[in-house]
Amino acid sequence: MEPPGARAPRLLLLALLLGAHPGVQAAMQVSVAPLVEVMRGETVTLDCTPLGDYSQYQLKWFLADRSGTRHLLAEAQVQGSEVQARVHASRGRSPPYQLQGQGHLVLVEAQVKDERDYVCVVTAGAAGTAEATAKLQVFAKPETTDVSPNLGTLSVMDDSAQEIATCHSRNGNPAPQIKWYRNGQPLQVPMEVNSNSYMTSRTVREASGLQSLTSTLYLRVHKEDRDARFHCSAHYRLPRGQHGHLDSQAFGLTLHYPTEHVQFWVDSASTTEGWVREGDSVQLVCRGDGNPTPEFTFYRLQGQEEKTLSTNLHGNFTLEAVQRNQSGTYGCRALDYDAAEEAELSQTLGLRVAYLDPIELSSKEELTVTLGSSVTVTCSVQGRPAPALRWTKDAAPLADGPTLSLSSITFSSAGTYVCEAYTPTVPLLSRTRALKLLVEGVPELMPEKIQPQSGGSWREGDEVRLVCSARGYPEPKFIWSEKGESSTEPVPGGQGWVRSSLTLKLTSAMSQRGVFCEASNPHGSPRHVFHFGHLAPQTSQAGVAVMAVAVSVGLLLLVVAAFYCMRRKGRPGCCRKGEKGAPQAWGARPEPRRVPAARADRPSPGRRLRRSPAWQRGLRRRVLSLRASRRQPSDTTWSCRHRRSSPAHALPSPAFPAGPLPSPALPSFLCRWAGTCTHCREEGRGVRSLAHGWEGTFLRGV
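Basis of the calculations
Residues numbered from 1 in each chain as written. Predicted model: local features only at pLDDT ≥ 70, side-chain atom pairs only at ≥ 80, totals over all residues. Heavy atoms only, no water. Helix = DSSP H or I, 4+ residues; strand = E, 2+ residues; numbered from the N terminus. Buried < 20%, exposed > 50% of the residue type's maximum accessible area, 1.4 Å probe, protein only. Areas by Shrake-Rupley, 256 points an atom, 1.4 Å probe, with all protein chains shown as cover. Core = buried A, V, L, I, M, F, W, Y, C linked by side-chain atoms within 4.5 Å. Contact = heavy atoms within 4.5 Å. Pairing = 2+ DSSP bridges. Axes fitted to C-alpha atoms, helices over the stretch in contact; angles between N-to-C directions. pLDDT = per-residue confidence, 0-100. Patch = residues over 30% accessible without salt bridge, like charges linked within 9 Å, V, L, I, M, F, W, Y side chains within 5 Å. Salt bridge = Lys/Arg side-chain N within 4 Å of Asp/Glu carboxyl O. Disulfide = S-S within 2.5 Å. Phe/Tyr/Trp six-rings, centres within 6.5 Å; stacked < 30°, edge-to-face > 60°.

Here's the deal with the overall build of the protein
Thought 1: Looking only at helices and strands, the protein features four helices and 49 strands.
Thought 2: Per-residue burial for the protein yields a buried fraction of 38% across its 702 residues.
Thought 3: Working note: accessible area of the protein is about 40800 Å², and carbon and sulfur atoms make up 50% of it.

Re the nonpolar core
Thought 1: Counting 31 residues, the largest nonpolar core has Cys-48, Trp-61, Leu-105, Leu-107, Tyr-118, Val-122 and Leu-136 as the members making the most contacts within it.
Thought 2: Taken together, the elements giving at least two residues each to this core come down to strand S2 (35-39), strand S3 (44-46), strand S5 (56-64), strand S6 (70-79), strand S9 (104-107), strand S10 (117-123) and strand S11 (129-139).
Thought 3: Here this core gets five residues from one element, more than from any other, and that element is S11.
Thought 4: Beyond its immediate sequence surroundings of up to four residues, Cys-48 is in contact with Val-30, Ser-31, Val-32, Leu-59, Trp-61, Gln-102, Gly-103, His-104, Cys-120 and Val-122.
Thought 5: Membership of the second largest hydrophobic core comes to 25 residues, among which are Ala-354, Val-381, Tyr-417 and Leu-435.

With respect to the pairing of strand S20 (residues 243-247)
Thought 1: Relative to S20, strand S19 (residues 230-237) is paired through five bridges, and the arrangement is antiparallel. When the sheet's bridge partners are listed, His-235 is paired in S20 with His-245.

Some thoughts on the sheet that holds strand S27 (residues 316-319)
Thought 1: Strand order in the open sheet made by the three strands is S22-S24-S27, with antiparallel pairing throughout. The open sheet has two edge strands, strand S22 (262-267) and S27, and neither has a second partner. In this sheet, adjacent strand axes meet at a mean angle of 15° when their direction is disregarded.
Thought 2: As paired elements, strand S24 (residues 282-288) and S27 share four bridges and run antiparallel to each other. Its bridge partner being in S27, Gln-283 is matched across the sheet by Thr-318.

Quick look at the confidence of the model for the protein
Thought 1: Scored by pLDDT, the protein has a mean of 79; 75% of the residues are at 70 or more.
Thought 2: A low-confidence stretch, residues 619-702 (pLDDT under 50), is modelled with 197 contacts involving residues beyond four sequence positions or located in other chains.

Structural notes on the side chain of Ser-501
Thought 1: Of note, Ser-501 is situated in strand S43 (residues 498-505).
Thought 2: What Ser-501 contacts, discounting residues up to four positions off in sequence, is Arg-465, Leu-466, Val-467, Trp-480, Glu-485, Ser-486 and Ser-487.

Re a nonpolar patch on the surface
Thought 1: Side chains of Met-547, Val-551, Leu-555 and Leu-558 sit close together on the surface and give an oily, nonpolar patch of about 430 Å² of accessible area.
Thought 2: Tracing the chain through its elements places Leu-555 in helix H3 (residues 539-568).

Topic: the pattern of salt bridges
Thought 1: Within the structure shown, the criterion is met by 19 salt bridges.
Thought 2: Measuring nitrogen to oxygen at the nearest pair gives 3.0 Å for the salt bridge that ties Arg-324 to Asp-357. Remark: Asp-357 occurs in the loop between strand S29 (346-356) and strand S30 (360-361) and Arg-324 occurs in the loop between S27 and strand S28 (328-335); sequence separation between them is 33 residues.
Thought 3: Judged by relative accessible area, Arg-324 falls into the partly exposed class, the value being 34%.

Here we look at the state of the cysteines
Thought 1: Within the structure shown, the criterion is met by five disulfides.
Thought 2: Cys-167 shares a disulfide with Cys-232; S-S distance 2.1 Å. Disulfide Cys-167-Cys-232: the torsion about the S-S bond is 75°, which places it as right-handed. Of this pair, Cys-167 sits in strand S14 (residues 162-172) while Cys-232 sits in strand S19, and the two are 65 residues apart along the sequence.
Thought 3: What makes Cys-232 buried here is its relative accessible area of 0%.

Comments concerning the pairing of strand S25 (residues 295-302)
Thought 1: Sheet analysis places S25 next to S28, joined by seven bridges and oriented antiparallel. Bridge pairing links Tyr-299 to Gly-331 in S28.
Thought 2: By the bridge criterion, seven bridges tie S25 to strand S26 (residues 305-312) in an arrangement that is antiparallel. For Arg-300, the partnering residue across the bridge sits in S26 and is Lys-307.
Thought 3: A loop of two residues connects S25 with S26, the two strands running antiparallel in sequence, and Gly-303 in this loop sits at a positive phi of about 75°.

Things to note about the sheet that holds S43
Thought 1: Taken together, four strands build an open sheet; the order of strands is S39-S40-S43-S42 and the sheet is antiparallel. One side of each edge strand has no neighbouring strand; the edge strands of this open sheet are strand S39 (444-447) and strand S42 (485-490). Adjacent strand axes in the sheet meet at a mean angle of 20° when their direction is disregarded.
Thought 2: Alignment of S39 against strand S40 (residues 463-471), held across four bridges, turns out to be antiparallel. Each residue of the ladder has a partner; that of Glu-444, found in S40, is Arg-471.

Focus on the environment of Val-122
Thought 1: Relative to the helices and strands, Val-122 resides in strand S10.
Thought 2: On the accessibility criterion, Val-122 (0% relative accessible area) is buried.
Thought 3: Taking the C-alpha atoms as reference, Val-122 lies 8.4 Å from Gln-29; in sequence the two are 93 residues apart.
Thought 4: Once you skip the residues sitting within four places of it in the chain, Val-122 turns out to touch Met-28, Val-30, Cys-48, Pro-50, Tyr-57, Gln-58, Leu-59, Gly-128, Thr-129 and Ala-130.

Re the packing of aromatic side chains
Thought 1: Going through the model one piece at a time under the given rule, you end up with six aromatic pairs.
Thought 2: A ring pair is formed by Phe-264 and Phe-298, whose centres lie 6.1 Å apart and whose planes are at 50°; its orientation type is tilted. Of the two residues, Phe-264 sits in strand S22 while Phe-298 sits in strand S25, which places them 34 residues apart along the sequence.
Thought 3: Here Phe-264 falls in the buried class, since its relative accessible area comes to 12%.

Digging into the side chain of Asp-225
Thought 1: Inspection of the secondary structure assignment puts Asp-225 in the loop between strand S18 (211-219) and S19.
Thought 2: Residue contacts for Asp-225: discarding those within four places in its chain leaves Arg-182, Arg-220 and Leu-255.

Here's the deal with the environment of Leu-404
Thought 1: Here Leu-404 lies in strand S36 (residues 403-406).
Thought 2: By relative accessible area, Leu-404 is classed as buried at 5%.
Thought 3: Spatially, the C-alpha atoms of Leu-404 and Thr-376 are 5.6 Å apart, while their sequence positions differ by 28 residues.
Thought 4: Beyond its immediate chain neighbours, meaning those up to four positions away, Leu-404 contacts Val-375, Thr-376, Val-377, Trp-391, Leu-398 and Tyr-417.

Here it is, written out as structure tokens:
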């Protein structure tokens, strides 16, 4: 073969010869892209352009198979601007090849099987023939990467590499590359089989021409891999030098490894010193670091012997309602036959049960003492660890220790005292015992000050609320010197105080002797007197009372008058307006009343009655007792007669001045109105009985 360096002088000589002879033409050349990249399914165009100015040439496209054989696909005859294109064969491709422009080969929807060498041959007569080859490469992104992990149990005691998982990347082109990762870091795994790690790969070309890749990972696992997360990733190429990758789901491994260490602890509300409360449920927990979980045995050490308590796989043992006699040393042992001889498979702990017995007092729970005396009370308790004691009252600390001493006792000393036993190392363990102290003595009385409502002095009739508070034992009873609205209730938060109140209105008698409240029990009865001083008269209220009485009397008179008028309604003597005998205007002369013929025999006005003088005087008094109007005209005539006598005696109007009604014991008369009633409010036409026994027309003058 001729060395490459020998060609340079020959090419230079050829160029000189061509330059020396201008009539000789250079060799023909064509421009074709040597590599064309396209994504699967896209349309690709292969360009073939002659280099030079040729008015007439022939262009042909050939498909070169893998054996090198060429197959004519299409050709074009170019003459100036005219092009005659023709496609010879598509060789089963769908859609078929297309020839556009001045010899551009077009492949619609490129497929993987289109990855071939395409040869463009151009012949230009005397210029000769030139050709160039274009290589077409079709890319396809693979589908989602899947991984199939080993679901079995892998033993860390195996000395060889074990199958971890298989990764699948399907339907890609070119074939992707699979990489393996542990906890996000790439694994450097060789393809050669060895005892530590390796991987195998297998590529399958599908009927569509796409390629699927399968990779299997083999590793020698260790105990540290029990929490590791593995995954695989398919890396693929794209046109124009781009790359991509598709990751699989992460997965873990189930490993079998022996126990190396055991942990043993108390899972309950205990302190750091290991104390638990008596009566609580205590759970002992034992855990080993092997997999699968070994069997655990719980035991209690009694001297040099082990007393087995329980054997189980879950590693828990519960002491229900633990008692003080269950204090001691407890142990846990893991039964793992694959463990190494130097492994620590047993642990122990000390269980201490804290307890407190009930508190005992040196006195009764209810203690009664005398006012002003002294008292000492002690409390005691047994417990473990040693408890501390303190006294409190109303949640306020009084003294630390078992002794409570009180001197010069007052009523404020009464109440409930609490002795509390507690253990500082076990905060949740405590007991209490209450002592109720009662103080006997004369009640302590405390009145509340009162002030007048007006700010100056008290007035008669003022309403006042008197309040007295007292305390003592037995509970005092209240007595008030006056009656009123009273109530008794305990004072909230008043340390035994009881309050009594009385509401009353002040009188002049109270200003002299006062009002007292008394609190009494078997030991005494203290008293307090409320003084009000001189009471000012309640003038404004007296005037209101007089006015109220006057208004009441007026209303009563109106009711009586209305009743009186209703009694006279519908009787003769007065007429309504527009009727016969109706009242006329003031000052008008009334028309004379027509007297019936049957009464023509009655005596004329002014005629003396033919009776005895005494009877006449009585008759006149009775007649004068009728209430008549002082404003009636002088010719108004009354016609009256005694019920026992038949004739009627007419009397002139001036003989009837106003006067009181006669006594009901007097004989009744019948009087009739003989003229016009000008000042009557109503008229009666009949005869009726009056309140005092009279009969006749009731005349009401204005």
